[in-house]
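Here is how the chains run, residue by residue.
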Amino acid sequence: MKKILKNKYAQNFLGWIISIYLKICFHSSIWIVKNSEIVEKQIQKKKSFIVLFWHSRLLMSVFCWSWKQEFKMLISSHSDGRIISNAVSHLGIQTISGSSRNQSISSLREIIKNVKNNEILGITPDGPKGPSGKIKDGLISLLKKTEVVVLPLSYSGKLKIKLKTWDKFIFVTPFNKFVAVWGNPIKYDKSKTIEENKILIENEINRITLLSDNLTK
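Student: What should I look at first to understand the nonpolar core in this one?
Tutor: Ranked by size, the top nonpolar core spans 33 residues in total, and within it Val39, Phe49, Met60, Trp65, Met73, Tyr155 and Trp182 carry the most contacts. The set of elements that each furnish at least two residues to this core consists of helix 2 (8–27), helix 3 (36–44), strand 2 (49–52), strand 3 (71–75), strand 8 (149–157), strand 10 (170–172) and strand 11 (177–182). Among the elements that take part in this core, strand 8 stands out by supplying four residues, more than any other. Excluding its chain neighbours within four sequence positions, the residues that come into contact with Trp65 are Val39, Ile43, Phe49, Phe71, Ile120 and Trp182.

Student: Mind showing me how you'd approach the state of the cysteines here?
Tutor: By definition, a disulfide links the sulfur atoms of two cysteines through a covalent bond. If you walk through the whole model with that rule in mind, you get zero disulfides. Free of any disulfide, Cys64 has its nearest neighbouring cysteine sulfur in Cys25, separated by 13 Å. Exposure remark for Cys64: the relative accessible area of 2% places this residue in the buried category.

Student: In this structure, what is going on with the pattern of salt bridges? I would like to understand it.
Tutor: Any two side chains of opposite charge can pair, given that their charged atoms come close. Considering all chains together, one arrives at eight salt bridges under this definition. Among the salt bridges present, the one from Asp189 reaches Lys192, with a minimum N-O distance of 3.0 Å. One salt bridge connects Lys198 with Glu195, and the closest N-O pair in it is separated by 3.6 Å. Taken together, the residues Lys198 and Glu195, both in helix 7 (residues 194–215) and three residues apart, mark about one turn of the helix. Lys198 sits in the buried class, given a relative accessible area of 9%. Residues joined in a network through salt bridges with shared partners are Arg57, Lys160 and Asp213.

Student: Whenever I open this one, the environment of Glu204 confuses me. Can you help?
Tutor: By the element assignment, Glu204 lies in helix 7. Since its relative accessible area comes to 10%, Glu204 is described here as buried. A C-alpha to C-alpha distance of 17 Å links Glu204 and Thr193, two positions eleven residues apart in sequence. Each residue touching Glu204, except ones within four places of it in the same chain, is listed here: Pro152, Gly183, Asn184 and Ile186.

Student: What is the right way to read the side chain of Ser85 from this model?
Tutor: Structurally, the position occupied by Ser85 is in helix 4 (residues 79–89). Using a relative accessible area of 18% as the deciding quantity, one classes Ser85 as buried. Engagement of the side chain of Ser85 in a polar contact is seen with the side chain of Thr95, the distance being 2.7 Å. Contacts of Ser85, omitting those with residues within four sequence positions, involve Ile75 and Thr95.

Student: Explain the packing of aromatic side chains here, please?
Tutor: We describe a pair of aromatic rings using the distance from one ring centre to the other and the angle between the two ring planes. Scanning all chains against the criterion turns up twelve aromatic pairs. A ring pair is formed by Phe13 and Trp16, whose centres lie 6.1 Å apart and whose planes are at 45 degrees; its orientation type is tilted. Here Trp16 and Phe13 lie together in helix 2, a separation of three residues that amounts to about one turn. Overall, Trp16 belongs to the partly exposed group, its relative accessible area being 41%. Taking 6.0 Å as the distance between ring centres and 75 degrees as the angle between the ring planes, the aromatic pair formed by Trp67 and Trp182 counts as edge-to-face. With Trp67 in the loop between strand 2 and strand 3 and Trp182 in strand 11, this pair connects stretches of sequence that are 115 residues apart. The exposure classification of Trp67 matches that of Trp182, with both residues buried. Members of the aromatic cluster, each reached through a chain of ring pairs, are Phe26, Trp31, Phe63, Tyr155 and Phe178. Over the aromatic face of Tyr9 sits the side chain of Lys8, whose NZ or CZ is 5.3 Å from the ring centroid.

Reading guide: rules and limits
Residues numbered from 1 in each chain as written. Predicted model: local features only at pLDDT ≥ 70, side-chain atom pairs only at ≥ 80, totals over all residues. Heavy atoms only, no water. Core = buried A, V, L, I, M, F, W, Y, C linked by side-chain atoms within 4.5 Å. Buried < 20%, exposed > 50% of the residue type's maximum accessible area, 1.4 Å probe, protein only. Helix = DSSP H or I, 4+ residues; strand = E, 2+ residues; numbered from the N terminus. Contact = heavy atoms within 4.5 Å. Disulfide = S-S within 2.5 Å. Salt bridge = Lys/Arg side-chain N within 4 Å of Asp/Glu carboxyl O. Polar contact = N/O pair within 3.5 Å; in protein donor to acceptor, adjacent residues only side chain to side chain. Phe/Tyr/Trp six-rings, centres within 6.5 Å; stacked < 30°, edge-to-face > 60°. Lys NZ or Arg CZ within 6 Å of the ring centre and 35° of its normal.

Here's what the structure looks like:
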């Protein structure tokens, strides 16, 4: 199976299949977005910002972005990441090959370049191997270095299954009710320690994740 997943043609095919499934889930379901005005205010500033969401909420996160501004996602360069990259490409999302891992962020130079070019990026700060719900120090160092704003994001579905993976990844079905929630913008606070800044962002992502779960009940 691993050998098949490393095949470029298999990755392209699986990515296409996943994109079709995601489209069916989206178009057959009710989709509600909360606090979208927060995003609009950031867009009006015409400056870069980074959207942060837990790896467990990756599946439908591409549909949370409905603005004309280009949105890029940081996706793992491993075989499963390439499949996801192929899938989201069919949904109009560009990707940066890399990930937040081992307390650092790969493709750091490219991310900083994108930030300087006022691009909008999406990152799963606990991916691709966890620990779940914990932000890597590398991301906090990036925020400190660039002073870029982060926007927490989460979504949930009424019909969902939590898989037995390291992150309890949620798998959703068509004919569903989805609620996406945008959190408050956060900028690195130099008066706080790295750990305190991490906790601040983690708490906000967790808050809107719980809120999205409650709103789909």
